Amino acid sequence: MAATSFPLARGATPGSLPLPDIYARVSHHVPAIEWPALASDVEAILRLKRERNAVILAHNYQAPEIFHTVSDIVGDSLALAREAAKVDADVIVLAGVHFMAETAKLLNPSKTVLIPDMRAGCSLADSITPEDVRTLRARYPGVPIVTYVNTSAAVKAESDLCCTSGNAVDVIKSLNAPRVLMIPDEFLAQNVQAALPEIEILTWAGHCEVHERFTPADIREVRESYPGVTVIAHPECPPEVVAESDFSGSTAMMMNFVEQKRPAQVVLVTECSMADNIAAANPDIEFIKPCNMCPHMKRMSLSNIRRALETMTYEVTVEPELADRARAAVERMLAVKAR
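From a predicted model like this one, the values you see are computed outputs, not experimental measurements. (Residues numbered from 1 in each chain as written. Predicted model: local features only at pLDDT ≥ 70, side-chain atom pairs only at ≥ 80, totals over all residues. Heavy atoms only, no water.)

Here we take up the sheet that holds strand E2 (residues 73-75). Strand order across the open sheet formed by 4 strands is E2-E1-E3-E4, with parallel pairing between neighbours. A strand with exactly one partner marks an edge of an open sheet, and here the two such strands are E2 and strand E4 (112-114). Within this sheet the neighbouring strands show an average axis-to-axis angle of 20 degrees, counted without direction. Pairing analysis gives 3 bridges linking strand E3 (residues 91-95) to E4, with the strands arranged parallel. Paired with valine 93 across the bridge in E4 is leucine 114. Strands in contact with helix H4 (residues 77-84) are strand E1 (54-59) and E2; relative to E2, the strand with the most contacts, it is inclined by about 150 degrees. (Pairing = 2+ DSSP bridges. Helix = DSSP H or I, 4+ residues; strand = E, 2+ residues; numbered from the N terminus. Axes fitted to C-alpha atoms, helices over the stretch in contact; angles between N-to-C directions. Contact = heavy atoms within 4.5 Å.)

Given below as structure tokens:
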């Protein structure tokens, strides 16, 4: 992970704090008084990674003290899926949620994949079962089924191919089909439908518990309080929220937009740590934060990442026959080229 140097917190000097170069990456978000306790875990994790030949994959929703200090690969679901397939390590620690760890295991069947807390789930993944997918296939024979990566391996195994919020439009277009089932995120499917009116997209009533809570009134209130602010929404938000925004895209697209357009003030309509992580690398941009926290992402901590590497828990496994079918759906997604 590329490091960016920032000024240390007030009252701190490089010689007064442990791991000063690493602390510089998070000094705007971690008070100097808290850093020594965190630095103990960071130092242990860096050592354990060398000893275990391990890498840490962290989603963009991870807190800055994870994202900017111990992670080797960071990104959105698509980036993590792509990079997981290239990892040259014996152990992968997934700082994210369970379906991401399953995806890493699907693409690295011979490697040990760990998740620091098995309770790190996802409301979208919980909204649909393999039986539901089989029922949909029987109800709509011949209609291809595109499944969001925010699902279990068992659901992926019943699907034709997967997508992420970053490549959903390209995946749907790649099918050259007049009608597509897109599951389980209803709002993502509706937002893709708006971009592809020539294709009929059938939906499932699954929602992200973080993004479904945003409303158009939230956006209007922010604009009234901060005239000229740039509003960027995740496509898991309701379509009327996306319509009120200046730009909508995956977490990677959000990050690229901010870094390329460099708005003076910006609000990210998504999980709170996104703004923290982009702000750490762009201290000259003001982030307004009417955000929502993901309780599952916040189950990750430096202390349980350290424990995962010390005890090699918790290992994520997928039954081989199921894994073969789920892996095929993910690999078909990865083979889709942007149009």
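To continue, consider the nonpolar core. Trp35, Leu57, Ile172, Met182, Leu268, Phe287 and Met333 are the most contacted members of the largest nonpolar core, which has 97 residues in total. Per-element tally for this core: the top contributor is helix H16 (residues 320-334), with 7 residues. Beyond its immediate chain neighbours, meaning those up to four positions away, leucine 268 contacts Ile232, Val258, Met274, Ala275, Ile278, Phe287 and Ile288. Membership of the second largest hydrophobic core comes to 12 residues, among which are Phe214, Ala233, Val241 and Val242. (Core = buried A, V, L, I, M, F, W, Y, C linked by side-chain atoms within 4.5 Å. Buried < 20%, exposed > 50% of the residue type's maximum accessible area, 1.4 Å probe, protein only.)

This structure, assessed with the given rule, holds 2 aromatic pairs. Ring plane angle 40 degrees and centroid distance 5.2 Å describe the contact between tyrosine 23 and tryptophan 35, whose orientation is recorded as tilted. Taken together, the residues span a long stretch of sequence, with tyrosine 23 in helix H1 (residues 20-26) and tryptophan 35 in helix H2 (residues 35-52) at a distance of 12 residues. The class for tryptophan 35 is buried, based on a relative accessible area of 0%. Look at phenylalanine 247 and phenylalanine 257: their rings are 4.7 Å apart centre to centre, the planes differ by 20 degrees, and that puts the pair in the stacked class. Here phenylalanine 247, found in strand E10 (residues 247-248), pairs with phenylalanine 257, found in helix H13 (residues 251-261); they are 10 residues apart in sequence, far enough to count as distant. (Phe/Tyr/Trp six-rings, centres within 6.5 Å; stacked < 30°, edge-to-face > 60°.)

A few words now on the state of the cysteines. Inspection of the entire model under this criterion finds 1 disulfide. There is a disulfide in this structure between cysteine 272 and cysteine 291, and the S-S distance comes to 2.0 Å. Torsion about the S-S bond of the cysteine 272 and cysteine 291 cystine: about 100 degrees, corresponding to right-handed handedness. Taken together, the positions of cysteine 272 in helix H14 (residues 272-281) and cysteine 291 in the loop between strand E12 (286-288) and helix H15 (302-311) put the pair 19 residues apart, joining distant regions of the chain. Neither residue differs from the other here; cysteine 272 and cysteine 291 are each classed as buried. Distance from the sulfur of cysteine 162, which forms no disulfide, to the nearest cysteine sulfur (cysteine 163) is 7.6 Å. (Disulfide = S-S within 2.5 Å.)

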